[in-house]
Amino acid sequence: MIAHNPQVDTALPFLLRIPLEGGLVLKARDTWPRSSRIYCHRFEEDWPEEPEVIEAVPVTLCRRRGAAIDLVLDRPRLARSQFVFAEVKGRPAIFWQTQRTARTANPGGRVPRRRALAEGFTIVVDTRERYPFRFAGMAVTSDRAALPAGDYGVRTDDGQLRAAVERKTLENLATSLSDGTLAFQMQRLAELPLAAVVVEGRYPGLFKLEHVAGAWLGDILARLQVRYPEVQVVFADSRRFAEEWTYRFLAAALGDAADSDPSGLP
């Protein structure tokens, strides 16, 4: 729902009511990011009792994803957008954007200027993991502890397991697919907020293993991925890149957890 902002002398003359967690209310510079992304700010008051409504559109999807909110409206045009909660010069800022306006907002932004992932955190390595990743040269520390699922994980400040990664070699993947072990491992992983299986090899390698039909392994893996869509299965080519991917996935998961409540920003 879009309405006029009852506040006078404001640079953000419109109110947006987003159907998330009881109704998130933002004030905005415009009614839709048509040509550029729009700066927004959290409305300090409740939604007006008698708002001067400009537009009310049914919502197909409204979902928080870390430091962003995806919003899809039920109309043929001007339907898909995103609210990004960020910091500008140390102060919270909210930008309402579409794919087009995000691309044109900062063309030079495609060249990274600094690290985008969290650093200085701890990766928990399961006590049953043999020959674990060392994460050498990465800005993390590791700690041994029993994990309920996966071989590597990260915990939030309150001790909750935020994400976990199960590591497999191609041979181990084939064995766990054949004897049904992977199904139960993915079942446990699916109980976590974020989880993945990373394979030290390439997908075509499954079809080159001896003593087992690659097509059969591929079928079983596909069934498990359909059954547990929340658990990613990533073929990382080699142990080195499996370690790289695990580090980046866990760093992103931890950083996303820190930004998981954008509606609470001032």
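Placed above this text is the structure.
Residues numbered from 1 in each chain as written. Predicted model: local features only at pLDDT ≥ 70, side-chain atom pairs only at ≥ 80, totals over all residues. Heavy atoms only, no water.

Enquirer: I would appreciate a short explanation of the packing of helix α2 (residues 170-178) against helix α3 (residues 181-189) in the present structure.
Expert: The interhelical angle for the contact between α2 and α3, taken along N-to-C directions, is 95 degrees, at an axis separation of 5 Å. Relative to α3, the element α2 is oriented roughly perpendicular. Across from Leu173, Ser176 and Leu177 in α2, the residues of α3 making contact are Thr181, Leu182 and Gln185. Along the lines of polarity and charge, the residues of the contact of α2 with α3 split into three nonpolar, three polar and no charged. (Axes fitted to C-alpha atoms, helices over the stretch in contact; angles between N-to-C directions. Helix = DSSP H or I, 4+ residues; strand = E, 2+ residues; numbered from the N terminus. Parallel < 35°, antiparallel > 145°, perpendicular 65-115°, else oblique. Contact = heavy atoms within 4.5 Å. Nonpolar A, V, L, I, M, F, W, Y, C, P; charged D, E, K, R; others polar.)

Enquirer: What's the story with the sheet that holds strand β3 (residues 24-28) in this structure? I'm lost.
Expert: Either a parallel or an antiparallel arrangement is found when strands of a sheet pair, and the pairing is made through backbone hydrogen bonds. Read from one edge to the other, the open sheet built from nine strands follows the order β5-β1-β2-β3-β4-β9-β8-β7-β6, with strand pairing classed as antiparallel. Unpaired on one side and paired on the other, β5 (53-55) and β6 (59-65) mark the two borders of the sheet. Neighbour to neighbour, the strand axes of the sheet diverge by 30 degrees on average, direction disregarded. Relative to strand β9 (residues 91-97), strand β4 (residues 38-42) runs antiparallel, the two being bridged by three bridges. Note that in β9 the partner of Ile38 across the bridge is Trp96. (Pairing = 2+ DSSP bridges.)

Enquirer: Got a minute to help me understand the sheet that holds strand β12 (residues 152-155) in this structure?
Expert: If you walk across this open sheet you meet the six strands as β11-β10-β12-β13-β14-β15, and the pairing is mixed. A strand with exactly one partner marks an edge of an open sheet, and here the two such strands are β11 (140-145) and β15 (231-235). Within the sheet, the average angular offset between the axes of one strand and its neighbour, ignoring direction, is 25 degrees. Across five bridges, strand β14 (residues 194-200) lies against β15 in parallel orientation. Its bridge partner lying in β15, Ala195 is registered against Val231. The sheet contacts of α2 involve β13 (161-169), β14 and β15, and relative to β13 the element is tilted by about 100 degrees.

Enquirer: Would you mind showing me how to read the packing of aromatic side chains here?
Expert: The way to describe two aromatic rings as a pair is by their centre distance and the angle between their planes. Tallied over the entire structure, the rule returns 10 aromatic pairs. Consider the rings of Tyr39 and Phe95, whose centres lie 6.0 Å apart with planes at 70 degrees: the pair is edge-to-face. A residue pair is termed long-range when its members are at least 10 positions apart, and Tyr39 in strand β4 and Phe95 in strand β9 qualify at 56 residues. Owing to a relative accessible area of 26%, Tyr39 belongs among the partly exposed residues under this scheme. Where Trp245 meets Phe249, the ring centres are 4.8 Å apart and the plane angle is 10 degrees; that geometry is what we call stacked. Separated by four residues within a single helix, Trp245 and Phe249 lie in helix α5 (residues 239-258), roughly one turn from each other. Among the aromatic residues, those joined into a cluster by ring pairs are Trp32, Phe83 and Trp96. A cation over a ring is seen here: Arg37 above Phe95, with NZ or CZ 4.2 Å from the ring centre. Note that Arg75 overlies the ring of Trp32, its terminal NZ or CZ placed 5.1 Å from the centroid. (Phe/Tyr/Trp six-rings, centres within 6.5 Å; stacked < 30°, edge-to-face > 60°. Buried < 20%, exposed > 50% of the residue type's maximum accessible area, 1.4 Å probe, protein only. Lys NZ or Arg CZ within 6 Å of the ring centre and 35° of its normal.)

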